[in-house]
Amino acid sequence: MEKSDFKVTKWEEKAIENETDLFPVHTVEVEYKISGILEGIAYLQYLLYYLEEDVDGQQAEARVSGFFHFKGIYKNREGTFAACENGTFEEGRLNINAQIVNATEQLKGLDGTYKYNFQGKSSELLLDFKLSDQD
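Source: prediction; values computed, not measured. The residue numbers shown here count from 1 along each chain, following its written sequence. The predicted origin of the model limits local features to residues at a pLDDT of at least 70 and limits the giving and counting of side-chain atom pairs to 80 or more, whereas totals for whole chains, interfaces and linings rest on all residues. Heavy atoms from the whole structure form the basis of all side-chain values; hydrogens and water molecules are not counted.

What to know about unusual backbone geometry
Test applied: In this text, helices come from DSSP runs of H or I with a minimum length of four residues, and strands from runs of E with a minimum of two, each type numbered from the N-terminal end. Exposed residues in this analysis have more than 50% of their type's maximum accessible area, buried residues have under 20%, and partly exposed residues fall in between, with area computed by a 1.4 Å probe over protein chains only.
We note that N76 has phi near 65 degrees; this positive angle belongs to a residue other than glycine. Tracing the backbone shows N76 in the loop between β4 (61-74) and β5 (77-90). With a relative accessible area of 76%, N76 lands in the exposed category. Positive phi values are uncommon outside glycine, yet E105 reaches one of about 55 degrees. Within the fold, E105 resides in the loop between β6 (93-103) and β7 (110-119).

Written out as structure tokens, the structure reads:
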């Protein structure tokens, strides 16, 4: 399994409607700066359904569904890919199943999955990727 570090550079969250007690769904726009074997920027769109909210947000519990769009370089190949993410946010951690659904340019043929790993202040993507047309 390969690893890349990432840093959240944008997190804009808003409730879909004012009645959050009746419909606790939020939309979130996120941006990550990624470095390592995967180098570039990722843009994410999430829907969060809060099961339990906490004032500071780090102890909130939510179901998460969204899309991840990456633009950059993987193993010296430039391109983009999109992935679908589904899972939960609990105790400050994303427990996500993520699957690549499409890739373009030099990353065309990229397939695989990834997970999030949080260790203290560091954040990592754990990659299980395959390039079908590797030399």
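What follows continues from the structure just given.
Some points on the nonpolar core
Inside soluble globular proteins, nonpolar side chains tend to come together where they are buried. Our working rule: What is meant by a nonpolar core is a set of buried Ala, Val, Leu, Ile, Met, Phe, Trp, Tyr and Cys residues, joined one to another through side-chain atoms within 4.5 Å. Contact between two residues is taken to exist if any of their heavy atoms lie within 4.5 Å; hydrogens are not considered.
Y32, Y46, F68, F81 and Y116 are the most contacted members of the largest nonpolar core, which has 34 residues in total. Looking at this core, the elements that each hand over two or more residues are β2 (25-36), β3 (38-52), β4, β5, β6, β7 and β8 (122-131). For this core, the element with the highest residue contribution is β3, accounting for six residues. Setting aside chain neighbours within four positions, we find Y116 in contact with F6, Y32, L44, Y46, F68, E85, L94, I96, E124 and L125.

Some details on the environment of K71
For K71, the location among the structural elements is in strand β4. Sequence spacing of K71 and E39 is 32 residues, and the spatial spacing of their C-alpha atoms is 8.4 Å. Apart from the residues within four sequence positions on either side, K71 is in contact with E39, G40, I41, G79 and T80.

What to know about the environment of T113
Note on placement: T113 falls in strand β7. For the pair T113 and K130, spaced 17 residues apart in the sequence, the C-alpha separation amounts to 9.2 Å. Setting aside anything within four residues of it in sequence, one finds T113 in contact with A98, Q99, L126, L127, D128 and F129.

Section: the packing of aromatic side chains
Note the threshold: Centres within 6.5 Å make a pair out of two Phe, Tyr or Trp rings, where for Trp the six-membered ring is used; the pair is then stacked when the planes are under 30 degrees apart, edge-to-face when over 60, and tilted otherwise.
The full count for this structure, using the stated rule, is 10 aromatic pairs. Judged by centre distance (4.4 Å) and plane angle (40 degrees), the rings of F6 and Y32 are tilted. Taken together, the positions of F6 in strand β1 (residues 2-15) and Y32 in strand β2 put the pair 26 residues apart, joining distant regions of the chain. Each member of the pair, F6 together with Y32, is buried.

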